[in-house]
Amino acid sequence: MADPNKSIYTSSLDVKDKNGDILGAVCVSPSKEIGKRDILLMDEKTGTQSVRSTTELINMLSKKNVSFEDRKIVLDFLAERLRVLEQELAFNTLKTLKEAENKK
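These numbers were taken from a predicted model, which means no experiment stands behind them. (Residues numbered from 1 in each chain as written. Predicted model: local features only at pLDDT ≥ 70, side-chain atom pairs only at ≥ 80, totals over all residues. Heavy atoms only, no water.)

**Q** What exactly am I supposed to notice about the overall build of the protein here?
**A** Along the protein, the regular secondary structure elements total two helices and four strands. The C-alpha atoms of the protein give 17 Å as radius of gyration, which overshoots the globular expectation for 104 residues (13 Å, by more than 25%). Counting across all 104 residues of the protein, residues that qualify as buried make up 25%. Excluding contacts between residues fewer than 6 apart, the proportion of contacts in the protein whose partners are at least 24 apart in sequence is 35%. Put simply, the protein shows about 7,900 Å² of open surface, and 53% of that area lies on carbon and sulfur atoms. Between the mean site of the 18 positive side-chain charges and the mean site of the 17 negative ones, the protein shows a separation of 4 Å. (Helix = DSSP H or I, 4+ residues; strand = E, 2+ residues; numbered from the N terminus. Rg over C-alpha atoms; globule rule 2.2 N^0.38 Å. Buried < 20%, exposed > 50% of the residue type's maximum accessible area, 1.4 Å probe, protein only. Contact = heavy atoms within 4.5 Å. Areas by Shrake-Rupley, 256 points an atom, 1.4 Å probe, with all protein chains shown as cover. Lys, Arg positive; Asp, Glu negative; His and termini not counted. Charge placed at Lys NZ, Arg CZ, Asp CG, Glu CD.)

**Q** In this structure, what is going on with the environment of Ile22? I would like to understand it.
**A** Topologically, Ile22 is positioned in strand β2 (residues 22-30). A sequence separation of 22 residues divides Ile22 from Glu44, and the C-alpha atoms of the two residues are 8.1 Å apart. Once residues lying within four places of it in the same chain are set aside, the contact partners of Ile22 are Asp14, Val15, Lys16 and Glu44.

**Q** Help me out: how do you make sense of the pairing of strand β4 (residues 47-51) in this one?
**A** Each regular strand displays side chains that alternate between the two surfaces of the sheet. Sheet analysis places strand β3 (residues 37-43) next to β4, joined by five bridges and oriented antiparallel. Of the residues in β4, the one forming a bridge with Ile39 is Val51. Taking the residues that link successive antiparallel strands as the turn, the β3-β4 hairpin has three residues. (Pairing = 2+ DSSP bridges.)

**Q** Got a minute to help me understand the layout of surface pockets in this structure?
**A** A water-sized probe rolled over the atoms picks out the places where empty space is left. If you add up the space inside the largest pocket, you get close to 150 Å³. Forming the boundary of the largest pocket are Pro30, Ser31, Glu33, Ile34, Gly35, Lys36, Arg37, Leu85, Glu88, Leu89 and Asn92. For the lining of the largest pocket, the element with the most residues is helix α2 (residues 68-103), which contributes four residues. The residue inventory of the lining of the largest pocket, partitioned by class, reads four nonpolar, three polar and four charged. (1 Å grid on protein atoms, 1.4 Å probe; cavity = no way out; pocket = protein on both sides within 12 Å on 5 of 7 lines; lining within 4 Å. Points joined across faces, edges and corners; volume = space filled by probe spheres on them. Nonpolar A, V, L, I, M, F, W, Y, C, P; charged D, E, K, R; others polar.)

**Q** Quick question: what am I supposed to make of the nonpolar core here?
**A** Most often, soluble globular proteins keep nonpolar side chains buried together rather than apart. If you look at the biggest cluster of nonpolar residues, it comprises 16 residues, and the most contacted ones within it are Val15, Val26, Leu41, Leu57, Leu61, Val74 and Leu78. Elements supplying a minimum of two residues to this core: β2, β3, α1 (54-63) and α2. Excluding residues within four positions of it along the chain, Leu78 makes contact with Val26, Val28, Ile39, Thr54 and Leu57. (Core = buried A, V, L, I, M, F, W, Y, C linked by side-chain atoms within 4.5 Å.)

**Q** Would you explain the packing of α1 against α2 in this entry?
**A** To describe two helices that pack against each other, one gives the angle between their axes and the distance between the axes. Close contact between α1 and α2 brings their axes to 10 Å; oriented N to C, the two are set at 155 degrees. Between α1 and α2, the crossing angle belongs to the class labelled roughly antiparallel. Crossing of α1 over α2 shows right-handed handedness. Residue-level contacts link Thr54, Leu57, Ile58, Leu61 and Ser62 of α1 to Arg71, Val74, Leu75 and Leu78 of α2. Class assignment for the residues of the contact of α1 with α2 results in six nonpolar, two polar and one charged. (Axes fitted to C-alpha atoms, helices over the stretch in contact; angles between N-to-C directions. Parallel < 35°, antiparallel > 145°, perpendicular 65-115°, else oblique. Left-handed = near helix turned anticlockwise from the far one by under 90°.)

Any functional reading would require information beyond the geometric quantities listed.
Written out as structure tokens, the structure is:
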């Protein structure tokens, strides 16, 4: 049975170092600017940092002693999350266009 007090997060992923200790989390969310995304590394020790690209994030994780396998998991998470966000953007754009068309 699932713990009712434990939250399930879909926009973030825990990241562990090579020792298995939780380093922090990676988060992907829509940006304030329409059509853009924010990728954040929330590090338990150094605080939250915004990254400009997946390459920058993977390089940061490498420097923070995150294993190659865990970095691949982060890449898969980012790819999937960005795909979902793009689908949501496309759906909302089509919905807005259809509503505008119906008002004519």
